[in-house]
Each structure stands twice: as C-alpha cells, then as structure tokens.
Amino acid sequence: MTLKTEKGKLTFDSQKADEGLKIALGKSRADIIGEVTASSLKGRGGAGFPTGVKWNLAAAARSDQKFVVCNADEGEPGTFKDRVILSDYADLVFEGMTIAGLAIGADKGLMYLRAEYTYLLPQLEQTLEKRRTAKLLGKDIGGKGGFNFDIEIRLGSGAYVCGEETALIESLEGNRGEPRNRPPFPVDTGFNGRPTTVNNVETLAWVPCIMTRGADWFKSVGTDKSKGFKLLSVSGDCGKPGVYEFPLGITIAKLLEHVGGAGAKAVQVGGASGNCVPAGEFGRTIAFEDVSTGGSVMVFGPQRDMLDIAENFLEFFVEESCGQCTPCREGNRKLLDGVRMLKTGTCSTAYLRELVSLGETMQLAAKCGLGQSSPNAFISIVKNFKDEIMGRTPASV
Amino acid sequence: MLVTDREKLREEVEALAEKYGHDRSALIPILQAIQKRYFCISEFAMQVVADTLGIHPVEVNSVVSFYSFLDTKPKGQFVIRLCQTISCMMKGTDRVARQLENDLGIKFGETTPDGKFTLEWANCLGMCDQGPAMLVNDRVYTEVTPESVHDILEECRKTFSPTAFQTRQEDIV
C-alpha cells in the first residue's frame, strides 16, 4: 500500500535514530521534563494539554509503579497521521515512550493500538524486538543502572470512544470503554490505579526531536499559544490528499493552496468532532486558540451537500456514543433526526433553534470529550450554511 | 456443543490465561483470541472465561457487547468492513457497497449462508487519503472500485480460514 506522505519532507525524516534518548539518559528527570515544558509541546491528539505539565504531575505522584501509555487509537474521522507515523517512524514513538518512562519513573509502557490497524502489529512487534536486542528496551537501558523499561502492545476492539484517555484506561483494564469522571486524572489514578501518562503517538514522536534540537527550536515556530509543528491528514476534494507537516498557525487558505484544494466550499477541521469552516473564513488559522485539530482536515468541494456531511457525522456519533450519559446518547439522536428533517424540508425555524440550543447544552453537559464535541459540526454547519439547508423542497432532496 | 469441544475450549482458555495472565486486564486479549479462533464468543465461552478469571459471566458479556469487533453471534470467516466515513463516501463508497451486496448476495449486517463472508459498515479506517477503503479481517484494501470487488473476494476464497489473519498466529491455540 502506498503512503502518500510528503516523504523526506517531515522533520521526523532528519531525526537521527535514538539521539534524543541518548541525550535524555544524560539528563536528570527534572531536566527532561523541564525541556519538554519549555518547548510548550501540547498534546497532538487534539485536546492540547501541555505535555510537560502532564509528565510533571505523573513524576511527582508517589507510587510503587507507574505507566506510560501511548494512545494509538486514532479514530477521529479524517485522521491518519498516526497511521503514517506508526508505519514509517515507529522507532521514534517507542523512543519517545522510553524518554517518558525515564522522566516520570515508569518501567512499563503500553501502546493501545486500534483494532483497525492490526495489520501494523507484526512490524511494530518486530521494531520492539530490535530495540530490545539493541538494549534500547529492557534492563539497564543505555548502561544507566536502574533504568528498566519495556513496551507491550495491546489491541483495541473497535470503539472510537477508547481514544478518550480514561476510556482507554478502562479498556486496558478489561472493562467496557466508558469514560471516567475526572478528577482523579490518570496522572495520579490511571492504569490499575497507578499514575499513568497517556500521550498521543505524534506527541511522543516529537519528544526525541525536542531532546536533540532543544526547546527553543520547537518554540521558534507557531503562534503565541500554539508552538511547534503539526502533522495534518488532508483528505476530501483536493488534488493532493495525504499527510503534511506545517507550523501551527497556518491559515486554511494557505493549506488549501498547498494541497490543491482551490475552490473549496468548506473545510472540516478536527474531524467529526471539529468545526466546519466556510470559504469566507479561510483566513482563520489552524492552532489551539483558533480552529483546533488533532490532525484531521477534510476538504469539501462546491458540489457537496452540507447536510449529507452533518448526517454522516451524526450517524457516526449515534453509533460511537458509549451511552453512559444522556446528553450524548439522546442528544445525538435528536440532532440526527433534525438533520433528516432539514433534508426533507420539514424543520421549522423554531425547532432548528431548539436543536442548536440542545447542541450547546451537550457541549456543556456531556461527560467526556466525545459528547462535548459531538454537536460542533452540526452547530457550525447550521450557523454557516443557513441559506443552503433551510426551506428545502422535496425535489431538491 | 460436544463435551469434547467444551473440554477443548476450556484448555484453550486456560492456555490463553497462562499467556496473558489471570487478572482482569487479560480479559480483552483473551476474548480477541477466542473471536479470532471461533468467529464469535459463545455464551459457553463467556462462562469459561469468567470462571478462569474469577469474574461474573455478566461482566464478560457486558464487555463483549460493548466492542464492535467482538461478537456473540457467529461471523463469517472473512469479515468485510467498508468505511462509511465521509472522506471515503465522497470517493464512491456507495457503488462499492452495492457491488459487494450483489457479488455476495447479502445485505450489510448479514453473513453468507456458507459462513464465509460477513458484510459490515465500519467507521473511519484511517485511509481517508486513499478511499474508498475497507478491511477484510485485518487486511486493508484501499481505492476499492466496484470492478475490483470481485478480485478481492476471489483472493479471500483462495486463502482459507486460518491464514486469513496475517497476525498473531500463535493466538490460535
């Protein structure tokens, strides 16, 4: 299978193997975390929590055992950058996990790989085996007495919600993947009740690069609140879909220029749980403080029906809601019904307003990130495409 | 289920528990292995797993029913999962779906009478730049066309069951 990456153009291509780990082994735990904190690296899975802060909390927690978990449950519609990283740069991810283990004082790492990526398992296991032989995993790594660390890969079983970190931990523990209430956070009560850091694949891959090139290098690009580079998975109506690396803060217009997406009507940034940006707002930037994404960018050409898109996303959430909390379980059904009413031209303005208000309630009242972000696409499509979605006549359905 | 089959299953689950451990966190890896071996997790298998791990069978059932890759009803030897996410849909998934139904003679959610194929929808497979995408067991096919459906099905028919999975052969006890 071909990987339509900009191969050779990613920072990861020029990163020297295991150099980051060597540098980290020469540093104190506090210095490693200090460097990551100084780089302002934020979680690349989409939530954008500062990685250094997370590691610091886990490092400070007292326990006989700690865990490093790599969240490889990439399930957000339109996201495939982790698939590319795991295919082509798996060593970098394992190196990042090892550095995380060193930093927080964990001796065990777990990678939670989504079931859909089972075909990657043999090559990932092989990579781990090579690292064990090279003494980059196992006992006394790098000759540093006392630092033992190994990694085990666990497979998911086809549940999008398990990308949420507490649901992921539940799944690792052998339970239904239902998100927990937070606090307590995984950094003090994680896998098997032990302090656990859960980091995205891409986040961990950036760590060795930061160790080698320094926090200042990473901080030198991006915006005030969003530092560094980001891998974007671009799909949909564009000439060159694939994985691209850009500094955060790039405008949607510039991105479209790069991927051959001229003439797009809208761009969905952040997958099904993200926002739909209309052509008039293509000057907006991809950054945590503007339109944020875990990597998903879907381009919609002028021929696309925005209600088809809203319907597809809501069908997704109705199916993937874990069903634990009412706002998400019932709310998404109501929104989906509403979209179908709009499609048949039977939705009153008052009811449409009710639906938007329901969506806003879900954003506040749902238990986890899935439920809170599930109405985003619907709300942004209603807001930006009123002239297209209202008052449809059956002939145009 | 024959008594000898039951005994065999017990031994298999015990062997899996030896491998993955007897604590709760071994539950899903054990269930995944049973699913792969028997194309479903029967009520009896859930009872055996529960006994082995010292938990209530209802706990096992609640886990099996949660995950879309674990099933209580038998699936075909080849589970075809076609991506229904918008990026793939925009590249013509509908027509691939129709051709799959035509060539297999079943609808989505059904299994062929010979127990070979199950046809299902799946959510984003992470192949959005190469849609339409589908999984056959753990094998991924991209840029599938209505025309290529026949060849893919034939390829499956030629590679019979145990080799249908590329990975973790050692799980099949």
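Residues numbered from 1 in each chain as written. Chains lettered and ligands numbered in written order. Predicted model: local features only at pLDDT ≥ 70, side-chain atom pairs only at ≥ 80, totals over all residues.

Next up on the list: the overall build of chain B. The secondary structure content of chain B amounts to seven helices and four strands. Going residue by residue from the N terminus, the α and β elements of chain B occur as α-α-α-α-β-α-α-β-β-β-α. Dimensions of chain B, computed from the C-alpha atoms along their principal axes, are close to 50 × 30 × 25 Å. Residues counted as buried form 42% of the 173 residues belonging to chain B. For chain B, long-range pairs separated by at least 24 residues make up 64% of all intrachain contacts whose partners lie at least 6 apart in sequence. (Helix = DSSP H or I, 4+ residues; strand = E, 2+ residues; numbered from the N terminus. Buried ≥ 20, exposed ≤ 12 C-beta atoms within 10 Å, placed from the backbone. Contact = placed C-beta atoms within 7 Å.)

On to the sheet that holds strand β7 (residues 266–269) of chain A. Residues and elements named next belong to chain A. Read from one edge to the other, the open sheet built from five strands follows the order β6-β5-β9-β7-β8, with strand pairing classed as mixed. Here the strands that pair on one side only, and so sit at the sheet edges, are β6 (242–247) and β8 (275–278). Between one strand and the next, the sheet's axes are offset by a mean angle of 30°, whatever the strand orientation. Bridge count for β7 against β8 is four bridges, and the pairing is antiparallel. Opposite Val269, over in β8, you have Asn275 as the bridge partner. (Pairing = 2+ DSSP bridges. Axes fitted to C-alpha atoms, helices over the stretch in contact; angles between N-to-C directions.)

Before going further, it helps to examine the nonpolar core. Counting 168 residues, the largest nonpolar core has A:Val93, A:Val267 and B:Leu31 as the members making the most contacts within it. Filtering out sequence-adjacent residues up to four positions away, B:Leu31 remains in contact with B:Ile41, B:Val49, B:Val63, B:Val64 and B:Leu70. (Core = buried A, V, L, I, M, F, W, Y, C linked by C-beta atoms within 7 Å.)

What follows concerns the packing of helix α5 (residues 90–104) of chain A against helix α8 (residues 201–213) of chain A. Residues and elements named next belong to chain A. In contact at an axis separation of 7 Å, α5 and α8 are set at 75° when each is read in the N-to-C sense. Taken together, the axis directions place α5 and α8 in an arrangement best described as roughly perpendicular. The residues of α8 that touch α5, namely those facing Leu92, Val93, Glu95, Gly96, Met97, Ile99 and Ala100, are Val201, Leu204, Ala205, Val207, Pro208 and Met211. Residues belonging to the contact of α5 with α8 are distributed by class as follows: 11 nonpolar, one polar and one charged. (Parallel < 35°, antiparallel > 145°, perpendicular 65-115°, else oblique. Nonpolar A, V, L, I, M, F, W, Y, C, P; charged D, E, K, R; others polar.)

We now examine the pairing of strand β1 (residues 67–72) of chain A. If a strand is regular, its side chains alternate between the two faces of the sheet. Residue and element names in this part refer to chain A. Counted residue by residue, β1 has six buried out of six residues, so it is predominantly covered. Residues of β1 alternate between two faces, with Phe67, Val69 and Asn71 on one and Val68, Cys70 and Ala72 on the opposite face, all of them buried. Taken together, the six bridges between β1 and strand β2 (residues 108–113) define a ladder with parallel strand orientation. Its bridge partner lying in β2, Phe67 is registered against Lys108. Bridging between β1 and strand β4 (residues 196–200) involves five bridges; their strand directions are parallel. Counted as the bridge partner of Val68 is Thr197 from β4.

By a frequent convention, interface size equals the accessible area lost on bringing the separate parts together. With 42 residues of chain A in contact, the opposing surface of chain B contributes 34 residues. Elements that contribute at least two residues to the side of chain A that touches chain B include exactly α6 (121–133), β3 (150–155), α7 (165–172), β5 (229–236) and α11 (306–320) of chain A. Counting residues per element, the side of chain A that touches chain B draws most heavily on α11(A), at five residues. The class makeup of the residues in the side of chain A that touches chain B is 16 nonpolar, 16 polar and 10 charged.

Our focus in this paragraph is the sheet that holds strand β1 (residues 78–83) of chain B. Residues and elements named next belong to chain B. One open sheet holds the four strands; their spatial order is β2-β1-β3-β4, and the pairing between them is mixed. Whereas interior strands pair on both sides, the edge strands pair on one side only; in this sheet they are β2 (117–122) and β4 (139–141). Neighbour to neighbour, the strand axes of the sheet diverge by 20° on average, direction disregarded. Looking at chain direction, β1 and strand β3 (residues 134–136) are connected through three bridges and run antiparallel. Bridge pairing links Leu82 to Met134 in β3. Against the sheet, helix α6 (residues 93–104) contacts β1 and β2, and its axis sits at roughly 155° relative to β1.

Below, the discussion takes up α8(A). Side chains of residues three or four places apart in an α-helix project in the same direction, reflecting 3.6 residues per turn. All names here are of chain A. Over its 13 residues, α8 extends 19 Å from the first C-alpha to the last, a length consistent with the 18 Å expected when each residue adds 1.5 Å. Among the 13 residues of α8, 11 are classified as buried, and the element is accordingly described as predominantly covered. Among all positions in α8, only Val201, Glu202, Thr203, Leu204, Ala205, Trp206, Val207, Pro208, Cys209, Ile210 and Met211 are buried. Just past α8, the residue Gly214 takes up positive phi, approximately 90°. (Expected span 1.5 Å × (residues − 1).)

For the rest of this paragraph, the subject is the environment of A:Tyr119. Locating A:Tyr119 in the fold gives a position in the loop between β2 and α6. Put simply, A:Tyr119 and A:Leu25 are 94 residues apart on the chain and 33 Å apart in space, counted from C-alpha to C-alpha.

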